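Here's the letter readout for the chains.
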Amino acid sequence: MPPDVYAPTWQFSQAVKVTGGSTVYVSGIMGFRPDGTMPDDIVEQADLVFANLRAVLAAAGGTLDDVVKVTVYVGEDYPSRRDELRDVRSRYFTGTFPASTLVRVAGFADARYRIEVEAVAVL
């Protein structure tokens, strides 16, 4: 991190340099259970989102350690649950953190959705 840029306020890197490897672009992942159901709670959805992201990456031959960029979309209930969501994320991303963007949205494609995450990984 350059000395004249602010320190990250969460668990992310300001930038990630990639050399070589295969790039995997992961579509927005939702908090669905394997049976297609979804909990109502944003924290429960977040746990499923990151577990699903991990499974998608494993199917592509990668891990969460291969993620270089995430974009997290959260709904209107985010502010009151911020610390809990940070705790969920910290269970999945450790060590070198990916570059990250957090966007609070007015609504999702389905009213049940509370959080969505898309990612870029380099294997």
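Conventions adopted
- Along each chain, residue indices are assigned from 1 in the same order as the chain's sequence is written.
- Where totals are concerned, whole chains, interfaces and linings use all residues; where local detail is concerned, this predicted model gives features only for residues with pLDDT of at least 70, and gives and counts side-chain atom pairs only at 80 or more.
- Neither water nor hydrogens contribute to the side-chain values; these are computed over all heavy atoms in the structure.
- Aromatic rings from Phe, Tyr and Trp, with only the six-membered ring used for Trp, were paired whenever their centres fell within 6.5 Å, and each pair was classed as stacked if the ring planes differed by under 30 degrees, edge-to-face if by over 60, and tilted otherwise.
- Only protein chains enter the area calculation, which uses a 1.4 Å probe; residues under 20% of their type maximum are buried, those over 50% are exposed, and those in between are partly exposed.
- Note on terminology: a nonpolar core comprises buried Ala, Val, Leu, Ile, Met, Phe, Trp, Tyr and Cys residues joined through side-chain atoms within 4.5 Å.
- Only runs of H or I of at least four residues qualify as helices and only runs of E of at least two qualify as strands under DSSP, and these elements are numbered from the N terminus.
- Throughout, a contact is declared for two residues whenever any of their heavy atoms are within 4.5 Å.
- Polar contact is defined as a pair of N or O atoms within 3.5 Å, subject to the rule that within protein one atom must be able to donate a hydrogen and the other to accept it, and that residues adjacent in sequence are counted only when both atoms are side-chain atoms.

K.L.:
Just give me the short version of the packing of aromatic side chains, but keep the residues and values in it.
P.N.:
Overall, the coordinates contain four aromatic pairs when judged by the stated rule. Ring centres 6.5 Å apart and planes at 65° place the aromatic pair Phe 108 and Tyr 113 in the edge-to-face group. Each of the two residues, Phe 108 as well as Tyr 113, counts as buried. Ring pairing ties together the aromatic residues Phe 32, Phe 108 and Tyr 113, which thus form one cluster.

K.L.:
Can you lay out the nonpolar core for me, pointing to particular residues and giving the numbers?
P.N.:
Within the largest apolar cluster, 24 residues are counted, with the highest numbers of intra-cluster contacts made by Leu 53, Val 67, Ile 115 and Val 117. Counting residues per element, this core draws most heavily on helix H1 (residues 42–59), at seven residues. Excluding residues within four positions of it along the chain, Val 67 makes contact with Leu 57, Phe 93, Pro 98, Ala 119, Val 120 and Ala 121. Met 30, Met 38, Val 105 and Tyr 113 belong to the second-largest nonpolar core, a separate cluster that totals five residues.

K.L.:
Before we move on, can you summarise the environment of Arg 91 with the specific residues and values?
P.N.:
Structurally, the position occupied by Arg 91 is in helix H2 (residues 78–92). Judged by relative accessible area, which is 53%, Arg 91 ranks as exposed. In sequence terms Arg 91 and Val 74 are 17 residues apart; their C-alpha atoms lie 18 Å from each other. Within polar-contact distance, the side chain of Arg 91 engages the side chain of Asp 47 at 2.9 Å.

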